Amino acid sequence: MLTNIRLISVQEYHKMAETGIFHPEERLELIAGQIFRMSAKGTAHESAITRTERLLRQRLGDKVLLRIQSPVQLDDYSEPEPDISVVKLNSLDYEDHHPNASEVFLLIEIADSSLKYDREVKAIAYAKSGIIEYWILDVNGRKLYMYRLPSPDGYHSESILAEDVTISPLAFGDCTIAIRELLRKI
């Protein structure tokens, strides 16, 4: 393990963006003080985001705010941009801050080329910050990875579910979703 790494804080990351250090089209996110390039968005990825957002909006209505590819501040050194964040309602729609872990019901990543990164890097970051539930929709493998029971060393519950399974978010047991509804048609 490298020990001479200088971590970048969220505040420094924002200053870097404001001063133009990053190209405006560059897709980046800050996790554990390190800047990661995000994968290019493919059509399967985008259509899965659209389907998932539509289903959640239909089923959860005005109980939550859905944020699409928007930052969530996990701590002073992590500000990833999950594909879908299901967060608590906020009277200012988070104009004054990005949602933090205590304001998140569920984070969802759509994986068409990022499955390893989403399972290893993001799952650890989300668990360490206390995100109660995290899903990865694997559009190529046609399954859903469901993570629950966060701890500082990772999630204690990981389920890999086939497309014929119906699930409910922990915070909304009355909201049922068939995994098949989230996946593209073959």
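Residues numbered from 1 in each chain as written. Predicted model: local features only at pLDDT ≥ 70, side-chain atom pairs only at ≥ 80, totals over all residues. Heavy atoms only, no water.

Undergrad: Hey, could you go over the overall build of the protein for me, with residue numbers and the actual values?
TA: For the protein, the helix and strand inventory stands at four helices and ten strands. Taking 16 Å as the expected radius of gyration for a compact globule of 186 residues, we find that the protein reaches 16 Å, a close match to that expectation. Its C-alpha atoms give the protein principal-axis dimensions of about 45 × 40 × 35 Å. Burial status across the protein gives 47% buried among its 186 residues. Intrachain contacts of the protein at a sequence separation of at least 6 include 52% that bridge at least 24 residues. Carbon together with sulfur atoms contributes 51% to the accessible area of the protein, which is approximately 9800 Å² in total. Of the side chains in the protein, 22 bear a positive and 29 a negative charge, and the two mean positions are spaced by 6 Å. (Helix = DSSP H or I, 4+ residues; strand = E, 2+ residues; numbered from the N terminus. Rg over C-alpha atoms; globule rule 2.2 N^0.38 Å. Buried < 20%, exposed > 50% of the residue type's maximum accessible area, 1.4 Å probe, protein only. Contact = heavy atoms within 4.5 Å. Areas by Shrake-Rupley, 256 points an atom, 1.4 Å probe, with all protein chains shown as cover. Lys, Arg positive; Asp, Glu negative; His and termini not counted. Charge placed at Lys NZ, Arg CZ, Asp CG, Glu CD.)

Undergrad: Run through the UniProt feature "domain: Putative restriction endonuclease" (unreviewed entry) in the protein, naming residues and quoting values.
TA: Under the UniProt annotation, the feature "domain: Putative restriction endonuclease" (unreviewed entry) is placed at residues 10-178. Segment residues 10-178 splits into 24% helix and 31% strand. End C-alpha atoms: 36 Å apart. (UniProt positions renumbered as here; feature names shortened; annotations may be inferred.)

Undergrad: Let's hear about the packing of aromatic side chains: which residues, and what values?
TA: Tallied over the full model, the rule gives seven aromatic pairs. Judged by centre distance (5.0 Å) and plane angle (70°), the ring pair of Phe105 and Phe172 falls under edge-to-face. Placement of Phe105 in strand β5 (residues 104-111) and of Phe172 in the loop between β9 (166-167) and β10 (177-178) is noted, with a sequence separation of 67 residues between them. Ring centres 4.7 Å apart and planes at 80° place the aromatic pair Tyr126 and Tyr134 in the edge-to-face group. In terms of burial, Tyr126 and Tyr134 fall into one category: buried. Aromatic rings pair up to connect Tyr126, Tyr134, Tyr147 and Tyr155 into one cluster. (Phe/Tyr/Trp six-rings, centres within 6.5 Å; stacked < 30°, edge-to-face > 60°.)

Undergrad: Please set out a nonpolar patch on the surface residue by residue, giving values where relevant.
TA: On the surface, a cluster of nonpolar side chains totalling about 260 Å² of accessible area is made up of Ile5, Leu7 and Tyr77. By the secondary structure assignment, Tyr77 is in the loop between β3 (65-68) and β4 (84-87). Judged by its relative accessible area of 37%, Tyr77 falls in the partly exposed class. (Patch = residues over 30% accessible without salt bridge, like charges linked within 9 Å, V, L, I, M, F, W, Y side chains within 5 Å. Salt bridge = Lys/Arg side-chain N within 4 Å of Asp/Glu carboxyl O.)

Undergrad: Summarise the pattern of salt bridges; cite the residues concerned and give the values.
TA: One pass over the full model with this rule turns up eleven salt bridges. When the shortest N-O distance is used, the salt bridge between Glu12 and Arg6 registers 2.7 Å. As a salt-bridge pair, Asp174 and Lys63 come within 3.3 Å of each other at their nearest N and O atoms. Here Asp174 is found in the loop between β9 and β10, whereas its partner Lys63 is found in the loop between α2 (43-60) and β3, with 111 residues between them in sequence. Connected through shared salt-bridge partners, Glu29, Glu109 and Lys122 make up one network.

Undergrad: Could you give an account of the sheet that holds strand β7 (residues 143-151), with specific residues and numbers?
TA: Sheet architecture is open: six strands sit in the order β3-β4-β5-β6-β7-β8, paired in mixed fashion. In the strand order of this sheet, the two ends are held by β3 and β8 (154-162), each with one partner. Within this sheet the neighbouring strands show an average axis-to-axis angle of 20°, counted without direction. As judged from the five bridges shared by β5 and strand β6 (residues 133-138), these two strands associate in the parallel manner. Its bridge partner being in β6, Leu107 is matched across the sheet by Tyr134. Of the strands in this sheet, β5, β6, β7 and β8 touch helix α3 (residues 115-128), which is tilted by about 175° from β6. (Pairing = 2+ DSSP bridges. Axes fitted to C-alpha atoms, helices over the stretch in contact; angles between N-to-C directions.)

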